[in-house]
Every structure is written in C-alpha cells, then in structure tokens.
Amino acid sequence: MDTIIYDRITAENFNAASLDGFIRRQEVTHCWRKRDGRWTLLPIAYVEDWDLEGRRRRAENILRSVKDGDPAYGAWVQGRLIGFVQLSGPRFGRRKQYIDLARFHVSLPYRGRGIGKALFHLACQGARELSAERLYISAHSAQETMAAYHALGCVEAEEIYWPLAKKEPCDVQLEFLL
Ligand SMILES: CC(C)(COP(=O)(O)OP(=O)(O)OC[C@H]1O[C@@H](n2cnc3c(N)ncnc32)[C@H](O)[C@@H]1OP(=O)(O)O)[C@@H](O)C(=O)NCCC(=O)NCCS
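Notes on the structure in this doc start here. All figures in this text were calculated on a predicted structure; none of them were measured in a lab. (Residues numbered from 1 in each chain as written. Predicted model: local features only at pLDDT ≥ 70, side-chain atom pairs only at ≥ 80, totals over all residues. Heavy atoms only, no water.)

Focus: the site of the ligand
Which entries qualify depends on this criterion: Throughout this document, a residue counts as near a molecule or strand when at least one of its heavy atoms sits within 4 Å of that molecule or strand. Two N or O atoms count as a polar contact when they lie within 3.5 Å, although within protein this holds only if one can serve as hydrogen donor and the other as acceptor, and sequence-adjacent residues are included solely when both atoms are side-chain atoms. Polar here means any residue other than Ala, Val, Leu, Ile, Met, Phe, Trp, Tyr, Cys and Pro, which are nonpolar, and Asp, Glu, Lys and Arg, which are charged; Gly is therefore polar.
In the vicinity of the ligand there are 20 residues, among which Val 106, Gly 114, Gly 116, Lys 117 and Thr 145 approach most closely. Between the ligand and Gly 112, the relevant distance is 2.9 Å, taken from an oxygen atom to a main-chain nitrogen or oxygen of the residue. For the shell around the ligand, a count of residues per class yields 8 nonpolar, 7 polar and 5 charged.

Things to note about the nonpolar core
Condition: What is meant by a nonpolar core is a set of buried Ala, Val, Leu, Ile, Met, Phe, Trp, Tyr and Cys residues, joined one to another through side-chain atoms within 4.5 Å. Only protein chains enter the calculation, and the probe is 1.4 Å; a residue is then buried if its accessible area is under 20% of its type maximum, exposed if over 50%, and partly exposed in between. We count a stretch as a helix when DSSP gives it H or I for four or more residues in a row; a strand needs E for two or more, and each element gets its number in order from the N terminus. Note on contacts: a residue pair qualifies if any of its non-hydrogen atoms lie within 4.5 Å across the two residues.
Membership of the largest hydrophobic core comes to 28 residues, with the highest contact counts inside it found for Leu 101, Phe 120 and Leu 135. Among the secondary structure elements, those contributing two or more residues to this core are strand 6 (72–77), strand 7 (80–92), strand 8 (98–106), helix 2 (115–129), strand 9 (134–139), helix 3 (143–151) and strand 11 (172–177). Here this core gets 6 residues from one element, more than from any other, and that element is helix 2. Not counting residues within four places of it along the chain, the set of residues in contact with Phe 120 comprises Leu 101, Phe 104, Leu 135, Leu 152, Cys 154 and Phe 176. Judged by nonpolar contacts, the second largest core, of 13 residues, contains Leu 19, Ala 59, Leu 63 and Trp 76.

Concerning the pairing of strand 11
Our working definition: DSSP bridges decide pairing: two strands pair if at least two such bridges lie between them.
In terms of burial, strand 11 is largely enclosed, as 5 of its 6 residues are buried. Relative to strand 11, strand 9 runs antiparallel, the two sharing 6 bridges. Each residue of the ladder has a partner; that of Tyr 136, found in strand 11, is Glu 175. When strand 10 (residues 155–156) meets strand 11, the two strands line up antiparallel, connected through 2 bridges. Note that in strand 11 the partner of Val 155 across the bridge is Glu 175.

So, the state of the cysteines
Operational definition: Sulfur atoms of two cysteines make up a disulfide when they are within 2.5 Å.
Counting across every chain of the model gives 0 disulfides. Between Cys 31, a cysteine without a disulfide, and Cys 170, which holds the nearest cysteine sulfur, the sulfur-to-sulfur distance is 7.8 Å. A relative accessible area of 0% means that Cys 31 is categorised as buried.

Re the environment of Trp 162
Within the fold, Trp 162 resides in helix 4 (residues 162–167). Residue classification places Trp 162 among the exposed residues on the basis of a relative accessible area of 52%. Through-space distance from the C-alpha of Trp 162 to that of Val 172 is 12 Å; in sequence the pair is 10 residues apart.

What about the environment of Ile 160?
Structurally, the position occupied by Ile 160 is in the loop between strand 10 and helix 4. Taking the C-alpha atoms as reference points, Ile 160 and Glu 175, 15 residues apart in sequence, are found 9.6 Å from one another. Setting aside residues no more than four positions away along its own chain, Ile 160 makes contact with Tyr 136, Ala 165 and Gln 173.

Describing the sheet that holds strand 7
To keep things clear, this is the line we draw: Lines fitted to C-alpha atoms define the axes here, with helix axes fitted over just the stretch in contact, and angles between the N-to-C directions of these axes take values from 0 to 180 degrees.
A sheet is described by the order of its strands in space; here 7 strands give the open sequence 1-6-7-8-9-11-10, paired in mixed fashion. Both outer strands of the open sheet, strand 1 (4–8) and strand 10, are each paired with one neighbouring strand and no more. Helix 1 (residues 52–67) contacts strand 6, strand 7 and strand 8 of the sheet and is inclined by roughly 50 degrees relative to strand 7. Against the sheet, helix 2 contacts strand 1, strand 6, strand 7, strand 8, strand 9 and strand 11, and its axis sits at roughly 155 degrees relative to strand 8.

Comments concerning helix 2
Selection criterion: Helices are assigned an expected span. That span is 1.5 Å times one less than the residue count.
Given a rise of 1.5 Å per residue, 15 residues ought to cover 21 Å, and the 21 Å separating the end C-alpha atoms of helix 2 matches this to within 8%. Of the positions making up helix 2, those classed as buried are Ile 115, Gly 116, Leu 119, Phe 120, Ala 123, Cys 124, Gly 126 and Ala 127.

Focus: helix 1
For helix 1, which comprises 16 residues, the first-to-last C-alpha distance of 22 Å matches the rise-based estimate of 22 Å (1.5 Å per residue) to within 8%. Where helix 1 is concerned, the buried positions are Gly 54, Arg 55, Ala 59, Ile 62, Leu 63, Ser 65 and Val 66. In this fold, the buried residues of helix 1 make contact with strand 6, strand 7 and strand 8. Positive backbone phi, approximately 105 degrees, marks Gly 69, located one or two places after helix 1.

Geometry only, nothing functional implied.
So this is what it looks like as structure tokens:
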C-alpha cells in the first residue's frame, strides 16, 4: 500500500505541472435533475476528462488562489499529487455562513479509498479556521459524485447562492454544516 502524505498546498510544494499526472476521467452514466420539484436520476451519459492543457490551466488557477490566500490541501503518493481540495473566499450568504468548496478531486486510480474523505475533513478544518459555519458546494450532478457528497454528510443548500448556481445550471447546490 502506497503511503499517502496529506498537506496544505503552498507555492513551495505545488506548481503549474503538479497536475500533469492527474487523471480526472469520469464516465458518467446517470445524473440527478429536479423534475416537477422532485430529484430524479436520469440516464445522462458523457465522459469528463482534462487534457494536459486543461490540467496545466487548472494547476495555475489553484496556484493563483493559493497565493491569494485560499486554503487548499493535497494528497501525495511518491511525490505525485493524487487528490486536492480548495476553498474559495470570501464568505457569503445572508449571515455570511458559507464558504465555497470550489475544487474537490481525487485521481481515478485512487478513488474510493478514503482519500476524498480525508481531504474533505482538512477542508472542513480550514473552513472553521475562517469562521465559516457551513461549506457551500456547487456539486457535479453525476450519480457517483452525489453519492460521495451525501456519504460525507452534505445536504441540499438551505440558501441558493445564485452567482455559483447560475454558472453551472446542472449542478446540485449542497451545503455541509461544520
Ligand atoms: C468525489 C471524490 C472527490 C470523492 O473522493 P474519494 O476518494 O473517491 O472518496 P472516498 O473514498 O473518501 O469516499 C467518501 C465517501 O463517499 C462514498 N463514495 C465514494 N465514491 C462513491 C461512489 N462511487 N458511490 C457511492 N459512494 C461513494 C464512500 O463510500 C465514502 O463514504 P463512507 O465513508 O460512508 O464509506 C472522487 O470520487 C472524485 O474525484 N470523483 C470525480 C470528480 C468529482 O466528482 N469531483 C467533485 C466535483 S463537484
């Protein structure tokens, strides 16, 4: 079993090439959609993946956010980043209760082994340090993604944050009470 190192992502341990070996691939077959006020699982199939250019662009975005002070946490195996999570400030919501869980991914060969759960808990700790009351997640509506968020304790958001919801209309707006 590979040793997994968890740490906060910094400009020292992360750079524009840090996602080069990351496998985002997800073969989606079913997605959740609200139909007549009820959540329904529909057969919607597509493949999510990032090519090298996309991985580089995302790595640069993560680095920029880290330099701006947004907490991010990574999981490394033999020096390779195999999972990451990032919060994006500032807080929002009527009571400033939310902080955005903006990025959350585990590389395909490492999914389903508890790495996402460990990263999620690190993000929760970071969010509490920023005095947030809840995480806000504009979540991918794929069946397996929603199953993971629900298993982690996320529920439908009490308050919809429209700037995020409008950006990804097929996402499901979730929250997690810290
Ligand atoms: C979502 C994701 C980050 C979770 O990371 P992970 O390392 O696979 O998750 P874990 O192994 O820590 O599992 C966390 C919980 O979710 C559950 N879970 C994970 N994958 C699941 C699946 N495919 N189906 C059902 N439950 C699942 C686990 O059983 C676990 O619950 P438990 O502790 O009660 O057993 C990861 O699967 C991923 O990167 N998926 C593709 C990208 C994605 O959807 N990102 C989120 C974008 S909004």
